[in-house]
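Fold and contact review
Residues per chain, in single letters:
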Amino acid sequence: MKDAAPQTIYLSEYTPPAYLVDNVHLTFRLGALKTRVISRIAFRPNPNAATSDFFLHGDDLKLISAKIDGQSIQPALSGEGLRCAVPDAPFVFEAEVEISPAANTALEGLYMSNDMYCTQCEAEGFRKITFYPDRPDVMAVFTVRIESDLPVLLSNGNPAQAGEAWAEWHDPWPKPAYLFALVAGDLVAHSDTFTTRTGRHVDLNIWVRPGGDEAKCAFGMAALKKSMKWDEEVYGREYDLDLFNIVAVDDFNAGAMENKGLNIFNASAVLASPETATDADFERIEAIIAHEYFHNWTGNRVTCRDWFQLCLKEGLTVYRDQQFTGDMRSPAVKRIDDAMVLRAHQFREDNGPLAHPVRPESFVEINNFYTATVYEKGAEVIGMLKLVVGDEAYAKALDLYFERHDGDAATIEDWLQVFEDTTGRDLSQFKKWYSQAGTPRLTVRDEYKDDTYRLHLRQETPATPGQNTKDPLLIPVAVGLLNDNGAEVLPTTVLEMTKAEQTFTFDGLASKPVPSILRNFSAPVIVTHDKSNAERAFLMAHDTDPFNRWDAGRTLAQDLLVRMVRDDLAPDAAFLDGLASLLRDDTLDPAFRALALRLPSEGDTAQALFDAGHTPDPIVVNQVQEALTLQIAQHLQDTLPRIYADMTVTGPYAPDAGPAGQRALGNAVLALMSRLDGGKQASRQFATADNMTQQLGALRALLQTSKGTAELAAFEKQWQHDRLVMDKWFGLQASLASPENAALTAENLTKHPAFDIKNPNRFRSVFGGLKANTAGFHHPSGAAYALLADWLIKLDPLNPQTAARMTMSYDTWKRYDADRQAKMRLALTRIAQTPELSRDTEEIVTRILG
């Protein structure tokens, strides 16, 4: 069946399903080339439906037979699914279809990964398995029988019964089809148990292919048990099945999937050992395992009515996993990390052609809306809501949400209603955070007279595609005031800004205070405040809020980089001295100091220049970034060796926050030292490293200084048989190649025997690395633009989802000069003119080009 022409779907046109499903029985007779799927589905008319049209989604299915109440039928087939006449009463629909898992390179539905059968059904993959109303508001109880001679046969829920070459599973909890999962293969389990707070015994397994991955499961299992305990203690949510399975899969488009009782993970998001995974990998794995487990309640037990409500399950669950990571590690460092991710990815999205609200109004392909706006900004909206109503009211509202909507497919309106019912507040203005796209700008002015301090705030959200005018939002602005000695004269106070312009007055102050605005990044906005460098340096040294102390230094660095590019100025002494003071402060968390040493990215500086009315030259930005890094190293050269020695971790490796922070600061210092010693210390660290954090940190430091050719070869020789480590090897070279060699480096990597276009991790390691190499990707030759377009044209018919997401690399094209714009437009036009381009990629190209 051929795809129908792309059609826009609108939130305003939602209608309830015509038929509801009571139960589903599926039988899979597995074969790599030909799998038979036999379905028996009990339907009943929906009394709330506006139509009686019986339609089942189906994509690339070969229909063998179909029956209603045991009688054969000949349904009408189209490229989108199946239609037929049905009784005006409950009935049973049966179908037998044939699919080819081995031919499924899109990695949606049932596919093969290294001889393992696995599934990915979110958002609309189930329709590639059998005919079904593939929408999240149709929830049913599933029973699944798998027939195969493979030793391990898994599906959702609890095991029901098994025999020779078959197994049956039953999931007692109603779920939408996107949560269906099946895995079959030659697998081994890393097993453990968990006892819930009410005494339920739960068996836990992480399933992997035999041959080495078994040794990489212990940390993931510990993270799972921590997540289960934390969710009981913090949210009162207990696990509800007898078994929780995780399966590691090599070929996977995303990070992981929360299928009920059978989570399927990208291997990179669950497998780790000290020798093969960095501290950042361990933290990421801990967070992703928590995220998918937390979905058991925020996503599975309460799901979303339609895909426009995606932020309801994802934003809330991201917020919960951020809380978890903060509790497991450092809340301050985690908050800074989250803000950096939001500013780098979501602010970029909000400021470009792909801007959309947290809850979109329309889409062509829902896979294109698994975005930073839905996930990360969606989480920020949850955090603001908690700040506005308070911790106690938030907890009560969540309890009411789970009580009221357990087993439901809910909406943003349902979500906000429980907060209104709990607090008595009208949240209609707050709701605009879900419907308005764009990053609000918060302009700050202040004045002091006669012991009275006034803070004048003005909010404005720029126009975005499809939204030219914006209403004022409810913005919680957390503020603190400091005196000249750095002592707080006003502790953190949350101001609720509800108008376009507001003034807040503070009386009884003996002198003009120094304001600390947007503490703990209380809202996802961009603050403009005309401060002197001395005032920012003061906050960098004295602010009692960790986020704003870091952000003061960050803003100093960003302003400095902009002025160095624009005006060819030397670095500001206040910034360098402030950085030195912060680095030498041994009372500060090493992880915090490591973040403080990190300069804004080249992409951030390019955007800052563009926002200030200048056309950025990525090559010049790169040169200035390198020059400032060298000057920082020179300014700190007397301190760096001492800090590096102090951050040496002795004893067995542990990925915990303490030693991980030490290694983070040590490697940040090593990168600076390498600018001065030609990489000598980095070479020594590489040769003696006993964990991947230290080995990769040393290799990165060497490559950043155009050294490390021998170490790069040694790394490949050592790790050539470990696919996840080799992803790092590919990505490091693409991201750190010199601007003039970046495209050629990426092209050569695609010729390496280990490069595989069909493996998303490997494709992203090369071309995601090239995109991250800002000066290289935007080299004036346009070679990188053309190379990426060539490969996206090859990838799109194989894996439209990954191709579409990588096409977003061009989304900042309008901020550069006319020549670069022309080259990017040419690359995008070539992609757009590809015959039979997927609707995934077509939608992204169309939106970028406007």
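Computed from a predicted model, the values in this text were never measured in an experiment.

1. Some words on the packing of helix 2 (residues 279–294) against helix 3 (residues 310–328)
Here helix 2 crosses helix 3 at 135°, and the two axes come no closer than 9 Å. It follows from the interaxial angle that helix 2 and helix 3 lie oblique. Between helix 2 and helix 3 lies a crossing whose hand is right-handed. Residues Glu 283, Glu 286, Ala 287, Ala 290, His 291 and Phe 294 of helix 2 form the contact with helix 3, whose participating residues are Glu 314, Thr 317, Val 318, Arg 320, Asp 321, Phe 324, Thr 325 and Met 328.

2. Re empty space enclosed by the protein
Overall, the coordinates contain one cavity of 30 Å³ or more when judged by the stated rule. Volume-wise, the largest cavity comes out at about 110 Å³. As for the largest cavity, its lining consists of 15 residues, of which Gly 553, Arg 554, Leu 579, Ala 596 and Arg 598 are closest to the centre. Elements with a contribution of two residues or more to the lining of the largest cavity: helix 10 (546–567), helix 11 (573–584) and helix 12 (590–597). In terms of residues, the lining of the largest cavity owes the most to one element, helix 10, which gives five residues. Here the residues of the lining of the largest cavity are counted per class, giving 11 nonpolar, one polar and three charged.

3. Some words on the environment of Leu 732
Of note, Leu 732 is situated in helix 20 (residues 723–736). Note on Leu 732: relative accessible area 4%, which makes it buried. When the C-alpha positions of Leu 732 and Arg 700 are compared, they lie 7.2 Å apart, and in sequence the two are 32 residues distant. Those residues in contact with Leu 732, other than ones at most four positions away along the chain, are Leu 696, Leu 699, Arg 700 and Leu 703.

4. Considerations on the pairing of strand 10 (residues 109–113)
If a strand is regular, its side chains alternate between the two faces of the sheet. Burial analysis of strand 10 places five of its five residues in the buried class, which makes it a mostly covered element. The hairpin turn running from strand 10 into strand 11 (residues 116–120), its antiparallel successor, is two residues long, and Asn 114 in that turn takes a positive phi close to 50°.

5. Quick look at the packing of aromatic side chains
Going through the model one piece at a time under the given rule, you end up with 43 aromatic pairs. For the pair Tyr 319 and Tyr 394, a centre-to-centre distance of 6.3 Å together with 75° between the ring planes defines the contact as edge-to-face. On the criterion of sequence distance, the pair formed by Tyr 319 in helix 3 and Tyr 394 in helix 6 (residues 391–405) is long-range, its members being 75 residues apart. Here Tyr 319 falls in the buried class, since its relative accessible area comes to 13%. When the ring of Phe 363 is compared with that of Phe 369, the centres are 6.3 Å apart and the planes differ by 50°; the resulting orientation is tilted. The same class applies to Phe 363 and to Phe 369, which are both buried. The ring of Trp 166 has Arg 145 lying over it, and the distance from NZ or CZ to the ring centre is 4.3 Å. Its end group placed over the ring of Tyr 14, Arg 305 keeps NZ or CZ at 3.7 Å from the ring centre.

6. With respect to the sheet that holds strand 8 (residues 81–83)
Taken together, three strands build an open sheet; the order of strands is 4-8-7 and the sheet is antiparallel. Where the open sheet ends on each side, the last strands, each with one partner, are strand 4 (55–57) and strand 7 (76–77). Here two bridges tie strand 7 to strand 8, and the two strands are oriented antiparallel to one another. The partner of Leu 77 across the bridge, within strand 8, is Leu 82.

Reading the values: rules and limits
- Once a new chain begins, its residue numbering starts again from 1 and follows that chain's sequence as written.
- Reporting of local features is limited, given that this is a predicted model, to residues whose pLDDT is at least 70; pairs of side-chain atoms are given and counted only at 80 or more, and all residues count toward the totals for whole chains, interfaces and linings.
- In computing side-chain properties, one takes all heavy atoms of the structure into account and sets aside hydrogens as well as water.
- In this analysis an axis means a line fitted to C-alpha atoms, helices contributing only their contacting stretch, and an angle means the value between N-to-C directions, from 0 to 180 degrees.
- By the criteria applied, helices consist of DSSP H or I runs no shorter than four residues and strands consist of E runs no shorter than two, each listed in order from the N terminus.
- For classification purposes, angles smaller than 35 degrees are called roughly parallel, those larger than 145 roughly antiparallel, those between 65 and 115 roughly perpendicular, and all remaining angles oblique.
- It is the rotation of the near helix from the far one that decides the hand of a crossing: anticlockwise by less than a right angle makes it left-handed, clockwise makes it right-handed.
- By definition in these notes, contact holds between two residues if any of their heavy atoms fall within 4.5 Å.
- A cavity, in this analysis, means grid points on a 1 Å lattice covering only the protein atoms where a 1.4 Å probe fits yet has no way out; a pocket is instead an open set bounded by protein on both sides within 12 Å along at least five of seven lines, and a residue lines either one if it has an atom within 4 Å of a point.
- Grid points are joined across faces, edges and corners, and a volume is the space filled by probe spheres set on the points.
- All residues other than Ala, Val, Leu, Ile, Met, Phe, Trp, Tyr, Cys, Pro, Asp, Glu, Lys and Arg, Gly among them, are scored as polar; the first ten of these are nonpolar and the last four charged.
- A 1.4 Å probe rolled over the protein chains alone gives each residue an accessible area, and that area as a share of the maximum for its type sets the label: buried under 20%, exposed over 50%, partly exposed in between.
- Strands are labelled as partners when DSSP assigns at least two bridges between them.
- Only rings of Phe, Tyr and Trp enter the pairing, Trp through its six-membered ring, and a pair is recorded when the two centres are within 6.5 Å. The plane angle decides the type: under 30 degrees is stacked, over 60 is edge-to-face, the rest tilted.
- Note on criteria: charge over ring means Lys NZ or Arg CZ within 6 Å of the ring centre, with the direction from the centre no more than 35 degrees off the ring normal.

Fair warning: the whole summary comes from geometry, so function is off the table for now.
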